[in-house]
Amino acid sequence: MDELKNNFGKILIAGPCALESRQQLRECVKALKEDGIKVIRASLWKPRTKPGWEGLGDEGIDILLGETIPQGLIPATEVIYAEHAEKIIHALKKYGEKATAVLWLGARNQNHIEQQRIARVIAESGANIYLMAKNQAWHDERHWVGICEHLLSAGMPKDKVMLCHRGFSPGLLPNPKGYRNLPDMLMAMRVQAKTEVPMILDPSHIGGTRDNVIDIMLEGELYPFDGMIVEVHCHPEKALTDAKQQLKPQQLRQHIDRLEAVQ
Ligand code: PEP
Ligand code: MN
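The shown structure was predicted, so the numbers you read here are calculated from the model rather than taken from an experiment.

At this site the manganese ion (ligand 2) is bound by Cys 17 (SG), His 205 (NE2), Glu 231 (OE) and Asp 242 (OD), with donor distances of 2.0 to 2.5 Å. Taken in sequence order, the residues that donate to the manganese ion (ligand 2) follow the motif C-x187-H-x25-E-x10-D. Note that Cys 17 is positioned in the loop between strand E1 (11-15) and helix H1 (22-34) and Asp 242 in the loop between strand E8 (227-231) and helix H9 (249-261), a separation of 225 residues in sequence. Look at Cys 17 and you get buried, because its relative accessible area is 0%.

Take a look at the structure:
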(Lines give C-alpha, C1' and ligand atoms only; values in the text may rest on other atoms or scores of the structure.)
(Ligands and ions follow the chains in the order given, each with its own letter.)
Protein backbone atom coordinates (compact mmCIF):
# COMPACT_ATOMS: atom_id res chain seq x y z
CA MET A 1 0.00 0.00 0.00
CA ASP A 2 3.02 2.29 0.47
CA GLU A 3 3.09 3.20 -3.21
CA LEU A 4 -0.31 4.86 -2.78
CA LYS A 5 0.82 7.08 0.10
CA ASN A 6 1.93 10.66 -0.19
CA ASN A 7 4.92 12.23 1.52
CA PHE A 8 3.21 12.25 4.91
CA GLY A 9 2.06 8.66 4.81
CA LYS A 10 -1.59 9.10 3.77
CA ILE A 11 -3.41 7.57 0.81
CA LEU A 12 -4.68 10.67 -0.98
CA ILE A 13 -6.82 10.07 -4.05
CA ALA A 14 -8.13 13.12 -5.89
CA GLY A 15 -9.61 14.02 -9.25
CA PRO A 16 -12.89 14.56 -11.01
CA CYS A 17 -16.01 12.57 -10.21
CA ALA A 18 -16.13 11.47 -13.85
CA LEU A 19 -13.69 11.50 -16.72
CA GLU A 20 -15.28 13.92 -19.20
CA SER A 21 -12.53 14.52 -21.76
CA ARG A 22 -8.77 14.28 -22.21
CA GLN A 23 -8.49 18.06 -21.82
CA GLN A 24 -10.46 18.07 -18.55
CA LEU A 25 -8.31 15.32 -17.05
CA ARG A 26 -5.03 16.81 -18.29
CA GLU A 27 -5.74 20.17 -16.68
CA CYS A 28 -6.78 18.57 -13.39
CA VAL A 29 -3.81 16.17 -13.30
CA LYS A 30 -1.41 19.07 -13.81
CA ALA A 31 -2.76 20.86 -10.73
CA LEU A 32 -2.96 17.74 -8.58
CA LYS A 33 0.53 16.56 -9.47
CA GLU A 34 1.91 19.89 -8.28
CA ASP A 35 0.14 19.22 -4.98
CA GLY A 36 1.88 15.88 -4.51
CA ILE A 37 -1.19 13.72 -5.25
CA LYS A 38 -0.13 10.30 -6.55
CA VAL A 39 -3.48 8.64 -7.22
CA ILE A 40 -5.90 10.27 -9.66
CA ARG A 41 -9.59 9.37 -9.68
CA ALA A 42 -11.72 9.95 -12.78
CA SER A 43 -14.55 7.46 -13.07
CA LEU A 44 -15.32 5.85 -16.41
CA TRP A 45 -18.58 4.15 -15.51
CA LYS A 46 -21.10 6.22 -13.54
CA PRO A 47 -24.09 4.74 -11.75
CA ARG A 48 -26.77 7.48 -11.88
CA THR A 49 -29.76 8.15 -9.66
CA LYS A 50 -31.76 9.36 -12.69
CA PRO A 51 -31.30 8.47 -16.36
CA GLY A 52 -28.55 10.62 -17.85
CA TRP A 53 -24.93 10.63 -18.95
CA GLU A 54 -23.25 7.45 -17.68
CA GLY A 55 -19.61 8.32 -18.20
CA LEU A 56 -17.21 7.86 -21.13
CA GLY A 57 -17.02 4.13 -20.45
CA ASP A 58 -14.61 2.04 -22.54
CA GLU A 59 -13.74 5.06 -24.65
CA GLY A 60 -12.11 6.70 -21.63
CA ILE A 61 -9.76 3.85 -20.65
CA ASP A 62 -6.85 5.03 -22.81
CA ILE A 63 -7.34 8.61 -21.67
CA LEU A 64 -7.34 7.72 -17.97
CA LEU A 65 -4.27 5.48 -18.21
CA GLY A 66 -2.45 7.64 -20.76
CA GLU A 67 -2.83 10.87 -18.77
CA THR A 68 -1.60 9.35 -15.51
CA ILE A 69 0.76 6.35 -15.75
CA PRO A 70 3.40 7.94 -18.05
CA GLN A 71 3.71 10.72 -15.45
CA GLY A 72 4.32 8.27 -12.61
CA LEU A 73 0.75 8.63 -11.32
CA ILE A 74 -1.78 5.91 -10.50
CA PRO A 75 -5.23 5.94 -12.17
CA ALA A 76 -8.38 5.12 -10.18
CA THR A 77 -11.94 4.41 -11.32
CA GLU A 78 -15.07 2.68 -10.12
CA VAL A 79 -15.88 -0.59 -11.87
CA ILE A 80 -19.39 -1.96 -11.96
CA TYR A 81 -18.87 -5.33 -13.66
CA ALA A 82 -16.01 -7.81 -13.81
CA GLU A 83 -15.82 -7.01 -17.53
CA HIS A 84 -14.81 -3.44 -16.63
CA ALA A 85 -11.97 -4.75 -14.48
CA GLU A 86 -10.91 -7.09 -17.32
CA LYS A 87 -10.72 -4.17 -19.74
CA ILE A 88 -8.54 -2.15 -17.36
CA ILE A 89 -6.29 -5.16 -16.74
CA HIS A 90 -5.87 -5.60 -20.48
CA ALA A 91 -5.13 -1.91 -21.10
CA LEU A 92 -2.63 -1.78 -18.19
CA LYS A 93 -0.43 -4.39 -19.91
CA LYS A 94 0.65 -1.77 -22.43
CA TYR A 95 2.39 0.11 -19.61
CA GLY A 96 4.56 -2.77 -18.38
CA GLU A 97 4.49 -5.13 -15.44
CA LYS A 98 4.81 -2.48 -12.77
CA ALA A 99 1.81 -0.46 -13.95
CA THR A 100 -0.56 0.11 -11.05
CA ALA A 101 -4.23 1.03 -10.78
CA VAL A 102 -6.86 1.45 -8.10
CA LEU A 103 -10.35 0.14 -8.86
CA TRP A 104 -13.30 0.47 -6.55
CA LEU A 105 -16.76 -0.86 -5.86
CA GLY A 106 -19.29 1.93 -5.44
CA ALA A 107 -21.90 2.22 -2.74
CA ARG A 108 -24.68 1.11 -5.09
CA ASN A 109 -22.97 -2.01 -6.34
CA GLN A 110 -24.16 -4.47 -3.71
CA ASN A 111 -24.46 -7.72 -5.61
CA HIS A 112 -21.95 -9.86 -3.74
CA ILE A 113 -21.68 -12.29 -6.65
CA GLU A 114 -20.49 -9.48 -8.93
CA GLN A 115 -18.24 -8.12 -6.17
CA GLN A 116 -16.59 -11.53 -5.96
CA ARG A 117 -16.27 -11.81 -9.76
CA ILE A 118 -14.49 -8.46 -9.82
CA ALA A 119 -12.17 -9.53 -6.99
CA ARG A 120 -11.47 -12.83 -8.75
CA VAL A 121 -10.53 -11.36 -12.12
CA ILE A 122 -8.19 -8.89 -10.43
CA ALA A 123 -6.59 -11.53 -8.17
CA GLU A 124 -6.17 -14.04 -11.00
CA SER A 125 -4.69 -11.48 -13.38
CA GLY A 126 -1.66 -10.91 -11.17
CA ALA A 127 -1.84 -7.20 -12.18
CA ASN A 128 -0.77 -4.62 -9.63
CA ILE A 129 -4.32 -3.51 -8.84
CA TYR A 130 -5.69 -2.33 -5.52
CA LEU A 131 -9.39 -2.90 -4.91
CA MET A 132 -11.29 -0.48 -2.71
CA ALA A 133 -14.83 -1.03 -1.44
CA LYS A 134 -17.02 1.85 -0.41
CA ASN A 135 -19.64 1.24 2.24
CA GLN A 136 -23.11 0.37 0.96
CA ALA A 137 -25.76 3.10 1.03
CA TRP A 138 -27.63 1.77 4.06
CA HIS A 139 -26.44 1.89 7.66
CA ASP A 140 -25.32 -1.67 8.46
CA GLU A 141 -21.97 -2.59 9.92
CA ARG A 142 -22.25 -6.35 9.26
CA HIS A 143 -22.94 -5.79 5.59
CA TRP A 144 -19.93 -3.48 5.20
CA VAL A 145 -17.57 -5.93 6.89
CA GLY A 146 -19.15 -8.62 4.70
CA ILE A 147 -18.16 -6.78 1.49
CA CYS A 148 -14.54 -6.95 2.58
CA GLU A 149 -14.89 -10.63 3.46
CA HIS A 150 -16.37 -11.37 0.02
CA LEU A 151 -13.37 -9.75 -1.69
CA LEU A 152 -10.89 -11.68 0.42
CA SER A 153 -12.75 -14.95 0.04
CA ALA A 154 -12.65 -14.48 -3.74
CA GLY A 155 -8.86 -14.38 -3.57
CA MET A 156 -7.91 -10.70 -3.29
CA PRO A 157 -4.70 -10.46 -1.27
CA LYS A 158 -5.32 -8.51 1.94
CA ASP A 159 -2.53 -6.04 1.20
CA LYS A 160 -4.36 -4.99 -1.98
CA VAL A 161 -7.74 -4.30 -0.37
CA MET A 162 -8.93 -1.09 1.24
CA LEU A 163 -12.21 0.40 2.36
CA CYS A 164 -13.79 3.82 2.06
CA HIS A 165 -16.39 5.60 4.16
CA ARG A 166 -18.79 7.66 1.99
CA GLY A 167 -21.62 7.99 4.49
CA PHE A 168 -25.06 6.39 4.61
CA SER A 169 -28.35 7.54 3.04
CA PRO A 170 -29.93 9.94 5.53
CA GLY A 171 -33.43 8.45 5.27
CA LEU A 172 -35.59 10.10 7.93
CA LEU A 173 -32.72 10.94 10.31
CA PRO A 174 -32.18 14.56 11.36
CA ASN A 175 -29.77 16.21 8.93
CA PRO A 176 -29.41 19.86 9.92
CA LYS A 177 -26.46 20.58 7.61
CA GLY A 178 -28.11 18.89 4.63
CA TYR A 179 -25.39 16.31 4.10
CA ARG A 180 -25.84 14.11 1.06
CA ASN A 181 -24.99 11.08 3.17
CA LEU A 182 -24.55 10.86 6.93
CA PRO A 183 -21.15 9.81 8.24
CA ASP A 184 -20.71 7.29 11.04
CA MET A 185 -17.06 7.86 11.79
CA LEU A 186 -17.07 5.50 14.78
CA MET A 187 -18.49 2.69 12.67
CA ALA A 188 -15.79 3.34 10.06
CA MET A 189 -13.17 3.02 12.80
CA ARG A 190 -14.70 -0.24 14.07
CA VAL A 191 -14.76 -1.67 10.53
CA GLN A 192 -11.14 -0.59 10.05
CA ALA A 193 -10.19 -2.44 13.26
CA LYS A 194 -12.26 -5.56 12.48
CA THR A 195 -11.10 -5.98 8.89
CA GLU A 196 -7.51 -4.81 9.45
CA VAL A 197 -7.40 -3.11 6.06
CA PRO A 198 -6.87 0.61 5.41
CA MET A 199 -9.94 2.83 5.71
CA ILE A 200 -10.09 6.11 3.83
CA LEU A 201 -12.69 8.86 4.00
CA ASP A 202 -14.76 10.20 1.08
CA PRO A 203 -15.83 13.67 2.26
CA SER A 204 -17.24 14.50 -1.20
CA HIS A 205 -20.14 12.04 -1.22
CA ILE A 206 -20.85 12.72 2.46
CA GLY A 207 -20.89 16.51 2.14
CA GLY A 208 -22.64 16.98 -1.19
CA THR A 209 -21.70 20.70 -1.27
CA ARG A 210 -18.23 22.31 -1.35
CA ASP A 211 -18.69 23.89 2.11
CA ASN A 212 -19.86 20.64 3.64
CA VAL A 213 -16.99 18.73 2.00
CA ILE A 214 -14.48 21.04 3.67
CA ASP A 215 -16.22 20.60 7.06
CA ILE A 216 -16.09 16.82 6.71
CA MET A 217 -12.40 16.90 5.76
CA LEU A 218 -11.75 18.77 9.01
CA GLU A 219 -13.92 16.38 11.04
CA GLY A 220 -12.13 13.44 9.42
CA GLU A 221 -8.84 14.67 10.86
CA LEU A 222 -10.11 13.78 14.32
CA TYR A 223 -10.09 10.06 13.41
CA PRO A 224 -7.22 7.80 12.33
CA PHE A 225 -8.30 7.37 8.70
CA ASP A 226 -5.58 6.09 6.39
CA GLY A 227 -6.35 8.75 3.82
CA MET A 228 -9.00 10.42 1.70
CA ILE A 229 -10.60 10.33 -1.74
CA VAL A 230 -11.72 13.80 -2.80
CA GLU A 231 -13.50 15.00 -5.94
CA VAL A 232 -11.64 17.85 -7.63
CA HIS A 233 -12.52 19.58 -10.91
CA CYS A 234 -10.89 22.68 -12.45
CA HIS A 235 -14.31 23.99 -13.53
CA PRO A 236 -16.70 22.34 -11.08
CA GLU A 237 -19.66 24.50 -12.11
CA LYS A 238 -19.46 22.88 -15.55
CA ALA A 239 -19.01 19.30 -14.30
CA LEU A 240 -21.27 16.69 -15.89
CA THR A 241 -21.76 14.87 -12.57
CA ASP A 242 -21.66 15.98 -8.92
CA ALA A 243 -21.10 19.64 -9.86
CA LYS A 244 -22.03 20.97 -6.41
CA GLN A 245 -19.52 18.97 -4.41
CA GLN A 246 -16.32 18.99 -6.48
CA LEU A 247 -13.58 21.19 -5.02
CA LYS A 248 -11.30 23.41 -7.03
CA PRO A 249 -7.66 22.29 -6.89
CA GLN A 250 -6.76 25.32 -4.72
CA GLN A 251 -9.32 24.24 -2.10
CA LEU A 252 -7.70 20.83 -1.81
CA ARG A 253 -4.27 22.49 -1.76
CA GLN A 254 -5.29 24.58 1.27
CA HIS A 255 -6.36 21.47 3.12
CA ILE A 256 -3.17 19.60 2.28
CA ASP A 257 -1.15 22.56 3.52
CA ARG A 258 -3.01 22.30 6.84
CA LEU A 259 -2.39 18.56 7.04
CA GLU A 260 1.31 19.07 6.33
CA ALA A 261 1.53 21.78 8.95
CA VAL A 262 0.21 19.46 11.69
CA GLN A 263 2.53 16.56 10.79
C1 PEP B 1 -18.26 8.30 -6.90
O2 PEP B 1 -17.24 8.07 -6.22
O3 PEP B 1 -18.30 9.15 -7.80
C4 PEP B 1 -19.52 7.58 -6.55
C5 PEP B 1 -20.44 7.30 -7.46
O6 PEP B 1 -19.61 7.32 -5.27
P7 PEP B 1 -20.60 6.40 -4.38
O8 PEP B 1 -20.46 5.03 -4.89
O9 PEP B 1 -20.03 6.61 -3.01
O10 PEP B 1 -21.98 6.98 -4.53
MN1 MN C 1 -19.20 11.54 -7.59
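Moving on: the sheet that holds E8. Strand pairing within a sheet occurs via backbone hydrogen bonds; the two strands may be parallel or antiparallel. The sheet built from eight strands closes into a barrel, its strands ordered E1-E2-E3-E4-E5-E6-E7-E8 with parallel pairing. Ignoring strand direction, the axes of neighbouring strands in this sheet form an average angle of 25°.

Another point: helix H3 (residues 82-92). Taken together, the buried positions of H3 are occupied by Ala 82, His 84, Ala 85, Ile 88, Ile 89, Ala 91 and Leu 92. Structurally, H3 contributes buried residues whose contacts are with helix H2 (61-66), strand E3 (74-78), strand E4 (100-105), helix H4 (112-125) and strand E5 (128-134).

Of all five residues in E3, five are buried; the element is thus mostly enclosed. Here strand E2 (residues 39-41) pairs with E3 via three bridges, running parallel. Its bridge partner being in E3, Val 39 is matched across the sheet by Ile 74. Handedness of the E2-H2-E3 crossover: right-handed. Where E3 and E4 come together, three bridges link them in parallel fashion. Each bridged residue has a counterpart across the sheet, and for Ala 76 the counterpart in E4 is Val 102.

What follows concerns the pairing of E1. Judged by how many residues are buried, E1 sits mostly within the fold: five of five residues are covered. Residues Ile 11, Ile 13 and Gly 15 of E1 are buried on one face, and the alternating residues Leu 12 and Ala 14, pointing to the opposite face, are buried as well. Inspection of the sheet shows E1 paired to E8 by five bridges, in the parallel sense. Looking at E8, one finds that Ile 13 is bridged to Ile 229. In this sheet, E2 lies alongside E1 in parallel orientation, the contact comprising two bridges. Paired with Ile 13 across the two strands is Val 39, which belongs to E2. Viewed along the sheet, the connection from E1 through H1 into E2 turns out right-handed.

Reading guide: rules and limits
- Residues numbered from 1 in each chain as written.
- Chains lettered and ligands numbered in written order.
- Predicted model: local features only at pLDDT ≥ 70, side-chain atom pairs only at ≥ 80, totals over all residues.
- Heavy atoms only, no water.
- Donors = N, O, S within 2.8 Å, 3.2 Å for Na, K, Ca; no water.
- Helix = DSSP H or I, 4+ residues; strand = E, 2+ residues; numbered from the N terminus.
- Buried < 20%, exposed > 50% of the residue type's maximum accessible area, 1.4 Å probe, protein only.
- Pairing = 2+ DSSP bridges.
- Axes fitted to C-alpha atoms, helices over the stretch in contact; angles between N-to-C directions.
- Contact = heavy atoms within 4.5 Å.
- Right-handed = clockwise from strand over helix to strand, strands pointing away.

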